[in-house]
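Analysis of the macromolecular model
The residues making up each chain are set out below.
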Amino acid sequence: MQRSRGEFDFECVPATDQSFENALRKARDGERLVVADGIELITTGTDDEGIDPERKERVLEAADRRRAEAVGEQVTFVANLNNNVTTACNTGCLFCNFKDSSQQFRSDADGGHGGFTKTPADSREIVERAAERGIYEVTSVSGLHPAFALDDEHHEILASHDDAAKTVNYRPPTAYDTDPGTYLEQMNAMSTCGVHLHSMTPEEAYHARRGTDWSYEEVYGRLQEAGLDSVPGTAAEILVDEVRDVICPGKIDTDGWLRAMEAAATVGLDMTATIMYGHVENAAHRVKHLQRVRELQDETGAITEFVPLSFIHPNTPLAERGIVESGASDDEDELMIAVSRLFLDNVDNIQSSWVKYGDQQGLKMLSCGANDFMGTILSEEITKRAGGEFGEYRSFDEYVEMISAIGRTPAERSTDYRQVREIDIDAPDGPRLGPQADGTPLFDGASHAPADD
Ligand SMILES: C[S@@+](CC[C@H](N)C(=O)[O-])C[C@H]1O[C@@H](n2cnc3c(N)ncnc32)[C@H](O)[C@@H]1O
Ligand SMILES: Nc1c(NC[C@H](O)[C@H](O)[C@H](O)CO)[nH]c(=O)[nH]c1=O
Ligand SMILES: N[C@@H](Cc1ccc(O)cc1)C(=O)O
Ligand code: SF4
């Protein structure tokens, strides 16, 4: 591992009394893996430094076989839109380039990275326009804007705290150029035209109850009534607190994340789960994270897919402060996908994110254990602002061409994977699974974000 990861005195280290060969045998036989097995596989053996190319191929092969047994030859994707409401955030995660927009405004002399905030009316219009083009899922993950509250009552509670900016991270909407409205108003606005609304990460749910004694169940229940259909399992990063303390000290801890997810499942929401890897963590942290996700799934059965998110480093505080020099290598990415497939025996779908990996490597992941290739998204802000360069749009035609080129079957899916439609590769059409999706191809992928405020 070529990064400066050794600088941290972590308690959790990749040392095991298992052998690589034993772990691989268990994986091939479909036995449930323990953390030591996962560490042996993801490192290609702790007996030697570095990744052994021949062993790596055997791990990838085992994962690819497991993928074929579990979900077959289809590669799925979704016709969706990303509509992030705001980039304003002062949580200060060191891997992220979302910043408080007022600061951003001052520091943004070259005009390249201005922040934005959308009103509920802006969000409604953006979703309506995308729904007309056939998308049937809207994914919305946002910065923790200090003026965001669940509803009017929440605004009153937050405003009544002494020194609210410091104690509960609250400033009234009047302190900003654009009012994001309340979370319930945003849900209402985006839940239109029959689209599936995928929003409110555990961290956002925490923000929507900060300074109150409301439970996560109450908050997710209210959001669901306002139109929320499923929850993105981001904010997971690495679910080991000694890593969170370094990369996101301002975020909820591992237990908080798990409690929020359990609550979402309790009120009947589906969810995804993620890992954001390739920064300061080691192989043992990655596998411990997988164990926590597997336990959560044993308990809830609500996780529809697992998404490994490879850290994009260039414009992030971690890189700017010299704490990391790069993200994960291709070998590490491939092993992350493969071991996710082998370790998470209770999660059917493993997603390859073309936003993080690019087309070529993203396609390769579909032979390393992944079976889903994300969505059309139409606009992307998180990765782009961190320095990612793989674009923000995929048309159905591009999906069909790429997936059939590797000999697999392209299929569009609903967010929850309960509906899947294979695409005819000789006469590819556009989305058909949504209420306004009539097969018309999605053409131009121009960003839908309104002008910076
Ligand atoms: C940007 S946040 C937005 C939602 C909300 N603020 C939160 O933290 O849950 C969504 C996720 O994007 C991912 N992310 C942020 N910066 C990234 C980067 N530089 N590389 C890869 N993933 C990143 C993290 O996993 C993070 O939890
Ligand atoms: N992997 C990334 C995703 N994945 C989410 C999917 O697009 C989709 O919303 C989900 O599979 C539920 O159906 N989204 C991003 O914006 N960036 C990614 O890297
Ligand atoms: N928005 C996240 C990715 C994501 C969103 C929703 C999901 O269900 C999964 C992953 C990012 O860009 O990093
Ligand atoms: S990851 Fe989320 S909470 Fe952290 S700084 Fe970025 S937008 Fe804010």
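All values derive from a computational prediction rather than experimental measurement. (Residues numbered from 1 in each chain as written. Chains lettered and ligands numbered in written order. Predicted model: local features only at pLDDT ≥ 70, side-chain atom pairs only at ≥ 80, totals over all residues. Heavy atoms only, no water.)

1. A closer look at the sheet that holds strand β11 (residues 420-422)
Across the sheet, four strands lie side by side as β9-β1-β10-β11; this open sheet has mixed pairing. The open sheet has two free edges, formed respectively by β9 (372-375) and β11, since each of these has just one partner strand. Direction aside, neighbouring strands of the sheet carry axes that sit 25° apart on average. Relative to β11, strand β10 (residues 409-413) is paired through three bridges, and the arrangement is antiparallel. Looking at β11, one finds that Glu 412 is bridged to Arg 421. Running over the sheet, helix α18 (residues 396-405) touches β1 (74-78), β9, β10 and β11 and is turned about 165° from β9. (Pairing = 2+ DSSP bridges. Helix = DSSP H or I, 4+ residues; strand = E, 2+ residues; numbered from the N terminus. Axes fitted to C-alpha atoms, helices over the stretch in contact; angles between N-to-C directions. Contact = heavy atoms within 4.5 Å.)

2. Side note on the confidence of the model for the chain
Considering every residue of the chain, the mean pLDDT works out to 93; 94% of them sit at 70 or more. Strand β8 (residues 349-350) holds the highest mean pLDDT among the elements of the chain, 99, whereas helix α4 (residues 101-107) holds the lowest, 52. This stretch, residues 448-453, has a pLDDT under 50; its non-local contacts, to residues over four places away or in other chains, come to 18 contacts. Scoring of the predicted complex yields 0.96 for pTM and 0.98 for ipTM. (pLDDT = per-residue confidence, 0-100.)

3. A closer look at the nonpolar core
Grouped together as the largest cluster of nonpolar side chains are 127 residues, with contacts concentrated most on Leu 41, Tyr 220 and Leu 223. Among all residues touching Tyr 220, those that are not within four sequence positions of it are Met 200, Thr 201, Pro 202, Ala 205, Leu 228, Val 231, Ala 260, Ala 264, Val 267 and Leu 269. (Core = buried A, V, L, I, M, F, W, Y, C linked by side-chain atoms within 4.5 Å. Buried < 20%, exposed > 50% of the residue type's maximum accessible area, 1.4 Å probe, protein only.)

4. A short note on the site of ligand 2
If you check the shell around ligand 2, you find 17 residues, and the closest are Glu 137, Glu 305, Gln 351, Ser 353 and Arg 413. Within the side chain of Thr 139, one N or O atom sits 2.8 Å away from an oxygen atom of ligand 2. In isolation ligand 2 offers 440 Å² of accessible surface; the protein chains occlude 91% of this area. Contributions of two or more residues to the shell around ligand 2 are made by β2 (80-82), β3 (137-140), β7 (303-310), α16 (354-364) and β9. For the shell around ligand 2, the element with the highest residue contribution is β7, accounting for three residues. Its residues placed into classes, the shell around ligand 2 shows five nonpolar, eight polar and four charged. (Near = heavy atom within 4 Å. Polar contact = N/O pair within 3.5 Å; in protein donor to acceptor, adjacent residues only side chain to side chain. Areas by Shrake-Rupley, 256 points an atom, 1.4 Å probe, with all protein chains shown as cover. Nonpolar A, V, L, I, M, F, W, Y, C, P; charged D, E, K, R; others polar.)

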